[in-house]
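Fold and contact review
Listed below are the residues making up each chain.
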Amino acid sequence: MSTLVLDSVSRWFGNVVAVNDVSLTIAPGVTGLLGPNGAGKTTLMAMMTGFLAPSAGTVTLDGEPVWRHTEAYRRIGLVPERELSFGYLTGRQFVRANADLHRLPDAAAATERILGVVDMVEPAARRLDTYSKGMRQRIKIAAALVHDPAVLLLDEPFNGVDPRQRMHLMDLLHRLGDEGRTVLFSSHILEEVERLARHIEVVVSGRHAASGDFGAIRRLMTDRPVQYAVTSSDDRALAALLIAQASVRAVRLRPDGGLDVEVDDLGSFAVGLPQWARTAGLSLYDLSPSDESLESVFAYLVAR
Amino acid sequence: MAEQRAGVIHDLGYRHYDGPREGVATIARTLYVTGLRHAFGLGRSGKSKILPFLLLALCTLPAAIVVGVVTIVGLSELPLTYAGYTNQVQLLISLFAAAQAPVLFSRDLRHRSIVLYLARPLPAYVIALTRWASLATALLVFSVLPLLVLYTGGLLAGLDVGEQTTDLLKALALLLLVASMLAGITGFISSVSLRRGFAVVGSIVALVVVPGVVTAVQAITSEEDADQVGVVAGLASPWSLTNGLASAWEAGVTVFTPPAGGWVVVYLAVAVLVAAAGLAAIVARFLKVGSQ
Amino acid sequence: MINVTITKLAAQALLGRRRFWLLLAFPVLLVALTVTITALTDGDAAWPLLPGLGYPVVLPLVAVLAASSVLGPEVDDGSIVYLLSKPISRHAVALSKWVVAWAATMVAGALPLYVSALVAGGGDRASAAGLAAVVAGTTYSALFLAVSAITRHAVIVSLLFVLIWEGLLGNLLTGVAWLSVAQWGLRIGHEVSTELPDPTNVPWAALASLVVTVGGVWFCGDRLRSFSLRGED
């Protein structure tokens, strides 16, 4: 069981701040590092894996700094986003080379074991440059796991992987987390993180925007003013009706028909709307949220 | 799930443009000027300006010194001719070509950004020609600049105008050939070997090692009284072609085995052929990549 | 200190690609030329090829190519993280890579130079040239490895050093010999045969070669210790 701790970590490149005063603790289990593209996830991952020095603050694994400390790699398995350029090796040779680099006592057995874990025994005799994206991702994970590390760090592991392979990878990461390993993966796709991680860390624009249980954060994210687009049989009458309700903050007529409604208390609005409409004799044709994108969720978290 | 939805393109307020548009010529010219600037690192990062300008300074500085000496000592003629000067700095010109050709030829192909150019109305062969023209012009600028320093300085110091101009024109004609050949050779090597380092080494082999071998062979054949062999060997590299022509035109360059008579014509023809072949190879390469 | 796996991978990367043929072209060219000229002429007409071409151009070019091949591409595309994310001292990584670059320089640079020297005349002179090539090749490979660890433009920077500093300026200014890898090698070769030039003194040549070799590999390791992953620049 290992814990990775970031304490007031900042990193700037010239006068661009990529990571701004981030403190977080990655404990055993699966953690998702969530953030839109360009939020500083890769910079954070690089610092966690000892491939970038923090400009300020410290990154420690079980109390020891990671930067310029090659011994730490005994406990870390790293799956970089970078593609493999060892296309001339077979999958088995590649994993075996990683095992040898760790000076494992029985490198051959460790290689076969881990090929079994990622379900790559059968294609292991083929050259890497013949692999599909998902296979390459799995062989990279095998290479990272061959020395049985307590910590596994994956940078955007699902990028470009087809849905079936993605399920497969997720199952694998789940298992690893349940075994008590510290598994951290980065992603910019909410749905991926939701499927895999109970604990998430959210970074936006280099800042630590949210942290904790996925469900709790999801609720925090949804308990915010939400925009809806509504069309009905009489928009003006409906607007007058809605603005009288405590759960509604603003109503605006759209030039092409319909209403934009900003709702404070989603719960009572959702329950109340059909009743209000029926009492006033109005028909609702369409009701749809107009700002459900991840970016707007992130934007909301940052603005808070 | 399979509910039918009508698609809509949102009007974001962009206005459609249907005024007059520039043609292929303008696009090609813009690409040419950009390429020429990039060859000297202009319009690129500060770091990429260091090398071209360092080489340019190394190449031009001796010319300035020569002018200074001529003025102060009061010589009645330059200590070396224009073509002789080019001969002295041929290593620098070769290095410039080898180092900057990948800038123009490797990057687009390696990062596949070439498809962005091909998405414009410019055909692949025009892009290839433009790239080649940029590099050739850059080489010409690079090699002519020190000669202009010499020429201007020499005239200001009161040297004979007619003599200097004839000499300069000979050198310019040679440099035109050099620039075309070098741009063709390094451009082709860089468009095939997309890793910058290997493109550079390949170009150095063609522009430094092979001419070195030729010179060695010529020295030996001249000593062994087999000049004819040396003359033929001179056809094998761009610099030995140039220097052979320079010596035949009495432009102030001596070679071990100077071509004479019909061989001068052969040298000239081969030089033009090398330039044309390089250009054709580049065009072929771009057409192949463009059709992928 | 030397890690066999890294050495093996570096050797595979060097041998398994097109660049191997480029590397091989040099010795073939050099030896073929010497043999041809020696066969067609009398005496040692081919000898000037060595001080004129083989030693000052072919040997350093082979070293540049070998040194930048074992490190450059992996640093360029970031796949070196697979080697560096291991509990292996980065100095050991540098040393293991240098061994491969050094071996390639010896086999494709120094050895053919010695063979050419034997063909072109032989005797003490050939042994001296061979020794000079071994010394200079060793120093070059370490120096260029260090350059590869500093800049993405390692090849051109190394070539500038060889062609401009050692070649162009070295011919004009005799003082450059004190800071020239090629001249150090020649000075040590001079101990075997006085037909080689005598540019500096032996203690300096030996010490400088040693310092640059050890320092170059150590410096490369030090740069790898601070290796940072970042996007394209």
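Owing to the predicted nature of the structure, the values given are computational and were not obtained by experimental measurement.

**Section: helix H9 (residues 266-279) of chain A**
What sets the pattern is the α-helix's 3.6 residues per turn: residues three or four places apart point alike. All names here are of chain A. Relative to the 20 Å expected for 14 residues at 1.5 Å per residue, H9 spans 20 Å between its end C-alpha atoms, a close match to the ideal helical length. Where H9 bends most, the angle comes to about 40 degrees, and this point is Gly272, followed within four residues by the proline Pro274. Taken together, the buried positions of H9 are occupied by Phe269, Gly272, Leu273, Trp276 and Ala277. Each element contacted by the buried residues of H9 is listed here: strand E11 (226-232), helix H8 (235-243), strand E12 (248-253), strand E13 (259-263) and strand E14 (284-289).

**Thoughts on the pattern of salt bridges**
Residues and elements named next belong to chain A. Going through the model one piece at a time under the given rule, you end up with 20 salt bridges over all chains. Across the salt bridge formed by Asp129 and Arg127, the nearest N and O atoms sit 2.9 Å from each other. Take Asp129: its relative accessible area is 48%, and that puts it in the partly exposed class. With a relative accessible area of 40%, Arg127 lands in the partly exposed category.

**Examining the sheet that holds E12(A)**
All names here are of chain A. Pairing within the open sheet is antiparallel, and its 4 strands lie in the order E12-E13-E11-E14. Edge positions in the open sheet fall to E12 and E14, since each of these has one partner strand only. The mean angle between the axes of side-by-side strands here comes to 20 degrees, regardless of whether they run parallel or antiparallel. Across 5 bridges, the pairing between E12 and E13 is antiparallel. Bridging from a neighbouring strand, Leu253 pairs with Leu259 of E13. H8 contacts E11, E12, E13 and E14 of the sheet and is inclined by roughly 165 degrees relative to E12.

**Some details on the packing of helix H8 (residues 196-223) of chain B against helix H3 (residues 49-77) of chain C**
Here H8(B) crosses H3(C) at 170 degrees, and the two axes come no closer than 11 Å. The orientation of H8(B) relative to H3(C) falls into the category roughly antiparallel. Contacts between H8(B) and H3(C) involve Phe198(B), Val201(B), Ile204(B), Val209(B), Gly212(B), Val213(B) and Ala216(B) from the first element and Leu49(C), Leu53(C), Val57(C), Leu61(C), Leu65(C) and Ser69(C) from the second. Looking at the contact of H8(B) with H3(C), its residues break down into 11 nonpolar, 2 polar and no charged.

**Quick notes on the sheet that holds strand E4 (residues 56-61) of chain A**
Residues and elements named next belong to chain A. The sheet built from 4 strands is open, its strands ordered E2-E1-E4-E5 with antiparallel pairing. Of all the strands in the sheet, the pair left with one neighbour each is strand E2 (16-26) and strand E5 (64-65). Bridge count between strand E1 (residues 4-13) and E4: 5 bridges; the pairing is antiparallel. Bridged to Asp7 within E4 is Thr58. Of the strands in this sheet, E1, E2 and E4 touch helix H1 (residues 41-48), which is tilted by about 125 degrees from E1.

Basis of the calculations
Residues numbered from 1 in each chain as written. Chains lettered and ligands numbered in written order. Predicted model: local features only at pLDDT ≥ 70, side-chain atom pairs only at ≥ 80, totals over all residues. Heavy atoms only, no water. Helix = DSSP H or I, 4+ residues; strand = E, 2+ residues; numbered from the N terminus. Expected span 1.5 Å × (residues − 1). Bend = angle between axes of the 7 residues up to and from the residue. Buried < 20%, exposed > 50% of the residue type's maximum accessible area, 1.4 Å probe, protein only. Contact = heavy atoms within 4.5 Å. Salt bridge = Lys/Arg side-chain N within 4 Å of Asp/Glu carboxyl O. Pairing = 2+ DSSP bridges. Axes fitted to C-alpha atoms, helices over the stretch in contact; angles between N-to-C directions. Parallel < 35°, antiparallel > 145°, perpendicular 65-115°, else oblique. Nonpolar A, V, L, I, M, F, W, Y, C, P; charged D, E, K, R; others polar.

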